[in-house]
Each structure stands twice: as C-alpha cells, then as structure tokens.
Amino acid sequence: MSMKISVPRVWREIKAHYLLEATVCNKCGKIHYPPRPICDNCGNRNLFRRKLSGEGEVLTYTIQYIVLEGYREYAPIVFAIVKLKEGVKILAQLTDVEPENVKIGMRVKAVLRKICEDENIGLIKYGIKFKPV
Amino acid sequence: MRPARDVGIVGWGACIPKFRIKCSEIGKTWGFPPEYHGGLIVSEKTVANIDEDTTTMGWEAAKNALVRAKINPEEVEAIYVGTESKPYAVKPSITVIAEALGITPKILGADLEFACRAASEALEASIGLISSGMIKYSLVIGSDTAQASPGDVLEFTASSGAAAFVLGPRGENTVAYFEGSYSYITDTPDFWRRQLAPYPMHGEQFTGDPAYFAHIIAAAKGLMNKLGLRPSDFDYAVFHQPNGRFPLKVSVKLGFPKEKILPGLITPMIGNTYNASALIGLCAVLEEAKPGQRILLVPFGSGAGADAYSVIVEDGIEEKVHLAPTVKELIEDKIYINYTYYAKFRGLISKFSF
C-alpha cells in the first residue's frame, strides 16, 4: 500500500509550510495559521499575508506511537501546540528532542524538515517543525 | 585566479546534526578489532535525523549565514548547493531551499556535483559573478548526508552536515575577502558512485597519494607561487578532511605547523561531512580569527580536483560571531545513538509491505 501525497496540495501550501506564512485580519488583527481567506473572528474577507517569527514555546504536547501509514520511521512523533511570540498558537511536530525530554514551556524555534515521503519514487514533503533552542 | 574586483564573505553559517554515533560502536557492530579506526583520528560522527537531508541542512546553514550577513535575504541573487547526496536525482534542492528562505523567484541557482568539491566550484563561480558586477550577493552551500555501505571502512567517517556563505563585493559588510585562488583538476579514479548505486566505491590505492595529496599540494603550491606567499605568511590552514589523519599529513608535506591546522580540523569530532568538510573548518576558523589574519583554504573532491584560496580576515568579524550558533556550540550540542538508531536514521533497514 503506498502513501499518496497530493502534489497540487503540497505546491499550494508551500508558503505556509516552508515560511510559516499566516494571514492577518486587517480589521480585528487576528492572525490565522494555517492561513484562512476569511477571518473567523469578525468575518472580514480582507486579510494580508505575513511571515511568522518561528520563535515560541511549547504550550502542550502529545506523543503519537501508533502512526499513520508511511510515518513508522518517524515514530514516536511529538505533536505540540507552540505559542509563537506573536501570540498565535500553532500545531506542529517537534524534532531533535527525545520524547522524555519534552517540557511544557520549553523554548523552540522553527526548522525546515522532511514531513514525509511518498515511498522512494514519489514526492518528498518538506515543512516547518520546531526544535529546542 | 584573481577577480577583477575583490569579493568577500558577508556571512557564514553551519548546520551540524544533533545525533552522534561513536566509531567504537560501528566497529563493534561489524566485528572490527578494537580501535581499528584509531588511525583515522575520528572518534565519533554526526548522523542526520530521520527528517533531515541535504536540503534541510543546507537551509539551516544558509539561514545562519543570512543572520550573520545582516542583509535583506531578497538581495541574494544566486544560490548554489554543492552536494553528492541530492534527495532527488532530478529536481533541484536549491528550489526548496530558496523558497524556504523566501528568496525566490528572481534568482540564479543550481545543484552542483563534483564529489566533495562541488561547493568550492560554487564559490569560484560566485566570485566571478560578483566580481563582474552581474550580481551583488550569492549564497553558497555545501551540504551532504554522506553514504557509506554498512560494514565498509568508509562507515567510520561518512557523516552529515552543511556550511553556507553569503558572498558579496568587498566593502563595509564583508568580514573576509578572497585574495586569490588556484584550481587543479585531473581525471583520477579514487572514488565514485554509479547511477542508481546506493553506496560509493573507493579506488583503494588511488585514495591517498595520487588523489588527495597530489591535488591539494598542487593547488596550495600553485596558489602560493602565484601570490608570492609561503606557509609562514598564513595564520591558519584548512584542508578537506576525509578523516583526521590526511589533513595533518598534508600540512606536514606543505610545511604548515600543527597549531595552524587544529583550529579548523573538525572531522575528528563530527566525521567527514563531504561538501561541508573544509567549509565547516573555515567557519570554525572565522569564529576565532582576528582582522588582518590570512587563511589558506583547500577543499578537495574525488575524481579529482582541489581549489586553494587565500582568505584575508577583515574588521567587523568579531561582532558577527555570536549572531548565530558557532561551530563549537553545535559540536557540543549532541545526543548519542546506538547502531540500531543509526541504521534507522540512515535508511539501512528495509521494510516490507507497509
């Protein structure tokens, strides 16, 4: 069974996944990551794009041992809610840290890493993960 | 070669993966005699994490170089990565790196291949582009996740890492400049990897004298003759570092004392990072060098070729050292793994039907 990565979707999400590009409501100021076309706070459709800092801290986390097909070599995967210094909270994987050493409040920074590969002939999907500072 | 206008280093950065395996662990796994690897003068090596590759390490080194350069990344007009471990056989690594640095689309770029010397070719090409006035800044990356067949003696040293440099016209923001360079290339069958072959082969007796030593010595002597310099005119010398022994031996042959080699000799702590090998050494030297000091840099690539550069350190370098992680800090930040994790991280374990 092969894992299938949607090539158009990977391409469409490059700015968000490589550069942490968010959308910001120019009416109420809410930052949306992943980017949204419409503000879910005030309904405004006029949002602009902004790169996030990539610096933040772990608010909470969970460790996934039973993973989706195609992710076994990455297991265990640490998923965290990271609060960036802009105040926005984002869901992301942690890397370069052993699960037993993850701590709430740990300072982290964004790094580009492989997210998954479509076997050995398909696309490699890259994106932002967070590692301890 | 001397450029029409001086070109210098504006920023530098390294990426040294966090995971390490001790050479004694590799030797024990494959039944080598204890301390069989002692002669290589490499005690441990880096291992790229399961989610790291040439692209991600190149990005991280480039990010550090751009922080030290203190320029708007969009001013970079060319980006090159020298590697012999491209994640894709066909699809550039630099497009991902450039996109993730936010410096696309008005930019030149390519992945270059010349064994461990490809990033040095990128240095030469960038010096030419900048010197001619075609571009202002170039980003040169050397990045590799070096392959080694399990159980091969190469496995003691083949490691992972990246180095990056922002080059620009010599001026207020350069911290070192290239005084001159000298290249020496021949067809020498010392090391190769054929299409679709997962691991390289080495031409045994060609590895040392006819390849590494002949090319490095010819390039270094050629440069010194051309510039009218002697080993005593250099404060540091950084050679390609396939192991810890070869750079020490070549320095003796060229007449450089050990104390000028050791600051840039990084392979004993992290292994051979191939395209980043000599360049991480240069990063380490830049992090301790003083303005006015002269550095000899000689990367080497199998196949074979070497380039010798004379690099003169300029004012302002000390202020940039701690803007990004130093080589010393990166070396000390480590997690040891055993051969089982190493095998998983290096993709040595075949899974079946899931």
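Residues numbered from 1 in each chain as written. Chains lettered and ligands numbered in written order. Predicted model: local features only at pLDDT ≥ 70, side-chain atom pairs only at ≥ 80, totals over all residues. Heavy atoms only, no water.

(A) How the structure looks around the overall build of chain B. Helix and strand content of chain B: 11 helices and 15 strands. Summarising its shape, the C-alpha atoms of chain B cover approximately 55 × 45 × 35 Å along the three principal directions. Per-residue burial for chain B yields a buried fraction of 62% across its 354 residues. (Helix = DSSP H or I, 4+ residues; strand = E, 2+ residues; numbered from the N terminus. Buried < 20%, exposed > 50% of the residue type's maximum accessible area, 1.4 Å probe, protein only.)

(B) Representation of the pattern of salt bridges within the structure. If you walk through the whole model with that rule in mind, you get 24 salt bridges over all chains. Its salt-bridge partner being Arg49(A), residue Glu21(A) comes within 2.8 Å of it at the nearest N-O pair. Placement of Glu21(A) in strand β1 (residues 21–25) and of Arg49(A) in strand β3 (residues 47–51) is noted, with a sequence separation of 28 residues between them. For Glu21(A), a relative accessible area of 11% translates into the label buried. Glu60(B) is the salt-bridge partner of Arg113(A), the closest N and O atoms lying 3.8 Å from each other. One end of the pair, Arg113(A), is in strand β7 (residues 107–117); the other, Glu60(B), is in helix α2 (residues 54–69), on a second chain. Per residue, the accessibility class of Arg113(A) equals that of Glu60(B), and both read buried. One salt-bridge network, held together by shared partners, links Asp96(A), Arg113(A), Lys129(A), Lys131(A), Asp51(B), Glu52(B) and Glu60(B). (Salt bridge = Lys/Arg side-chain N within 4 Å of Asp/Glu carboxyl O.)

(C) Up close: the interface of chain B and chain A. Contacts between the two partners involve 23 residues from chain B and, on the opposite side, 23 residues from chain A. Where chain B abuts chain A, roughly 2200 Å² becomes buried across the two surfaces, and 56% of that area is made up of carbon and sulfur atoms. At the surface where chain B touches chain A, the tally comes to six salt bridges. At the boundary of chain B and chain A, one finds 13 residue pairs in polar contact (both at pLDDT 80 or more). Secondary-structure elements contributing two or more residues to the side of chain B that touches chain A are α2 and α3 (93–101) of chain B. Its residues placed into classes, the side of chain B that touches chain A shows 10 nonpolar, five polar and eight charged. (Contact = heavy atoms within 4.5 Å. Buried area = accessible area lost by both parts, 1.4 Å probe. Polar contact = N/O pair within 3.5 Å; in protein donor to acceptor, adjacent residues only side chain to side chain. Nonpolar A, V, L, I, M, F, W, Y, C, P; charged D, E, K, R; others polar.)

(D) Spotlight on the environment of Val166(B). All names here are of chain B. With respect to the helices, strands and loops of the structure, Val166 is situated in strand β7 (residues 160–169). Taking the relative accessible area as the measure of exposure, Val166 reaches 0% and is therefore buried. Taking the C-alpha atoms as reference, Val166 lies 9.7 Å from Ser126; in sequence the two are 40 residues apart. In this structure Val166 touches Gly8, Ile9, Val10, Gly11, Ala65, Leu66, Ala69, Ile71, Tyr137, Ser138 and Leu139, once residues within four positions along its chain are discounted.

(E) Examining the domain arrangement of chain B more closely. Residue and element names in this part refer to chain B. The domains assigned to chain B are domain 1 (7–175 + 325–345) and domain 2 (178–317). On the side of domain 2, 50 residues touch domain 1, which itself brings 59 residues to the contact. Carbon and sulfur atoms make up 62% of the area that domain 1 and domain 2 hide from each other, which totals about 4200 Å². When the area that domain 1 buries against domain 2 is broken down by residue, the three leading residues are Trp12, Cys116 and Val175, summing to 15%. Scanning the region where domain 1 abuts domain 2 turns up three salt bridges. Arg68 is the partner of Glu287 in a salt bridge, and the nearest nitrogen-oxygen pair spans 3.6 Å. Counting residues per element, the side of domain 1 that touches domain 2 draws most heavily on strand β1 (residues 7–15), which supplies seven residues. Residue classes in the side of domain 1 that touches domain 2 are distributed as 30 nonpolar, 18 polar and 11 charged. (Domains from an automatic or database assignment.)

(F) Empty space enclosed by the protein, seen in detail. Residue and element names in this part refer to chain B. Per the counting criterion, the structure on display carries two cavities of 30 Å³ or more. The computed volume of the largest cavity comes to approximately 50 Å³. If you go around the largest cavity, the residues you meet are Cys116, Arg117, Ala119, Ser120, His240, Tyr274, Asn275, Ala278, Leu279, Pro299 and Phe300. Breaking the lining of the largest cavity down by element, the ones donating at least two residues are α4 (118–131) and α8 (277–286). Classifying every residue of the lining of the largest cavity gives seven nonpolar, three polar and one charged. Looking at the lining of the largest cavity, you find at least three residues from each of domain 1 (7–175 + 325–345) and domain 2 (178–317). There is about 30 Å³ of room inside the second largest cavity. (1 Å grid on protein atoms, 1.4 Å probe; cavity = no way out; pocket = protein on both sides within 12 Å on 5 of 7 lines; lining within 4 Å. Points joined across faces, edges and corners; volume = space filled by probe spheres on them.)

(G) Spotlight on the layout of surface pockets. The computed volume of the second largest pocket comes to approximately 980 Å³. As for the second largest pocket, its lining consists of 43 residues, and the residues nearest its centre are Lys109(A), Ala110(A), Val111(A), Trp59(B) and Lys63(B). Elements represented by at least two residues in the lining of the second largest pocket include exactly α2 (14–19), β4 (55–64), β7 and β8 (124–132) of chain A together with β1, α2, α3 and α10 (327–332) of chain B. At six residues, β7(A) tops the list of elements feeding residues into the lining of the second largest pocket.

(H) Representation of the packing of aromatic side chains in the model. Residue and element names in this part refer to chain B. Tallied over the full model, the rule gives 16 aromatic pairs over all chains. Measuring from ring centre to ring centre gives 5.1 Å for Tyr212 and Phe246, while their planes differ by 50°; the resulting arrangement is tilted. In this pair, Tyr212 is assigned in helix α5 (residues 207–227) and Phe246 in helix α6 (residues 245–254), connecting sequence segments 34 residues apart. Here Tyr212 matches Phe246 in class, with each residue buried. (Phe/Tyr/Trp six-rings, centres within 6.5 Å; stacked < 30°, edge-to-face > 60°.)

(I) Geometry of the side chain of Asp51(B). By the secondary structure assignment, Asp51(B) is in the loop between β3 (44–47) and α2. The contacts of Asp51(B), once residues within four sequence positions are left out, are Tyr74(A), Thr95(A), Arg113(A), Lys114(A), Lys129(A) and Thr56(B).

(J) Summary view of the sheet that holds strand β15 (residues 335–336) of chain B. All names here are of chain B. Pairing in this open sheet of three strands is mixed, and the strands run β3-β2-β15 from one edge to the other. One side of each edge strand has no neighbouring strand; the edge strands of this open sheet are β3 and β15. Of the strand pairs in this sheet, strand β2 (residues 19–22) and β3 are connected by four bridges, and their pairing is antiparallel. Bridge pairing links Phe19 to Val47 in β3. Against the sheet, helix α1 (residues 23–30) contacts β2 and β3, and its axis sits at roughly 55° relative to β2. (Pairing = 2+ DSSP bridges. Axes fitted to C-alpha atoms, helices over the stretch in contact; angles between N-to-C directions.)

(K) Local environment of the packing of α5(B) against α6(B). Residue and element names in this part refer to chain B. Two numbers describe how α5 lies on α6: the axes approach to 10 Å, and their chain directions differ by 45°. On the basis of their axis angle, the class for α5 and α6 is oblique. For the pair α5 and α6, the crossing hand works out as right-handed. When α5 is examined against α6, the residues Thr207, Gly208, Asp209, Tyr212, Phe213, Ile216, Ile217, Ala220, Lys221 and Met224 are found in contact with a partner set consisting of Phe246, Pro247, Lys249, Val250, Lys253 and Leu254. A per-class count over the contact of α5 with α6 returns 10 nonpolar, two polar and four charged. (Parallel < 35°, antiparallel > 145°, perpendicular 65-115°, else oblique. Left-handed = near helix turned anticlockwise from the far one by under 90°.)

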